[in-house]
Amino acid sequence: MKMTKEQARHRRKLRIRKKVNGTESKPRLVVFRSNVHIYAQLVDDETGCTLVSSSTLTMTRAGSAARANREGAASVGKDIAEKAKAKNIEACVFDRNGYLYHGRIKALADGAREGGLKF
């Protein structure tokens with residue numbers, strides 16, 4: 001029986017999560033991609049708390065017309081980097097959440113790096 005795309009992503013996600021772990025000083029940058037929006041959050045796995053979050057949804061509500069394309073993903077990356085700097089977070093580990101590293105996921109990572117996050 002053939003695996004669906006979602007099952008394959010879930011399998012990759014579990015394989016990645018075995019290796020990637022976030023702390024308070026170096027949280028995990030998690031990315032979730034839907035058809036309509038793209039979401040990113042910095043998570044401290046030791047306490048299970050979300051430290052900073054950003055998405056095209058919240059940016060659209062704030063007034064900018066962010067869409068779930070590469071430009072929108074890059075702006076979410078820059079926004080989360082700015083919010084992280086405000087909380088004195090300079091470095092993180094990148095969790096692509098089972099998605100392949102290209103397109104919107106790569107654009108978000110590049111935007112976060114441009115904003116000053118190191119990973």
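What this report covers is the structure whose coordinates are included nearby.

Details of the packing of helix α3 (residues 70-86) against helix α4 (residues 104-115)
With their axes 7 Å apart at the nearest point, α3 and α4 run at an angle of 35 degrees to one another. The hand of the α3/α4 crossing is right-handed. Listed contacts from α4 to Arg-70, Ala-73, Ala-74, Val-76, Gly-77, Lys-78, Ala-81 and Lys-85 of α3 are Arg-104, Ala-107, Leu-108, Gly-111, Ala-112, Glu-114 and Gly-115. For the contact of α3 with α4, the residue count by class is seven nonpolar, three polar and five charged.

Digging into the packing of aromatic side chains
For the structure shown, the criterion picks out four aromatic pairs. Taking 5.3 Å as the distance between ring centres and 15 degrees as the angle between the ring planes, the aromatic pair formed by Phe-94 and Phe-119 counts as stacked. Of this pair, Phe-94 sits in strand β4 (residues 93-95) while Phe-119 sits in the segment after α4, and the two are 25 residues apart along the sequence. For Phe-119, a relative accessible area of 30% translates into the label partly exposed. An aromatic cluster of at least three residues, connected via ring pairs, comprises Phe-32, Tyr-39 and Tyr-99.

Basis of the calculations
- Residues numbered from 1 in each chain as written.
- Predicted model: local features only at pLDDT ≥ 70, side-chain atom pairs only at ≥ 80, totals over all residues.
- Heavy atoms only, no water.
- Axes fitted to C-alpha atoms, helices over the stretch in contact; angles between N-to-C directions.
- Helix = DSSP H or I, 4+ residues; strand = E, 2+ residues; numbered from the N terminus.
- Left-handed = near helix turned anticlockwise from the far one by under 90°.
- Contact = heavy atoms within 4.5 Å.
- Nonpolar A, V, L, I, M, F, W, Y, C, P; charged D, E, K, R; others polar.
- Phe/Tyr/Trp six-rings, centres within 6.5 Å; stacked < 30°, edge-to-face > 60°.
- Buried < 20%, exposed > 50% of the residue type's maximum accessible area, 1.4 Å probe, protein only.

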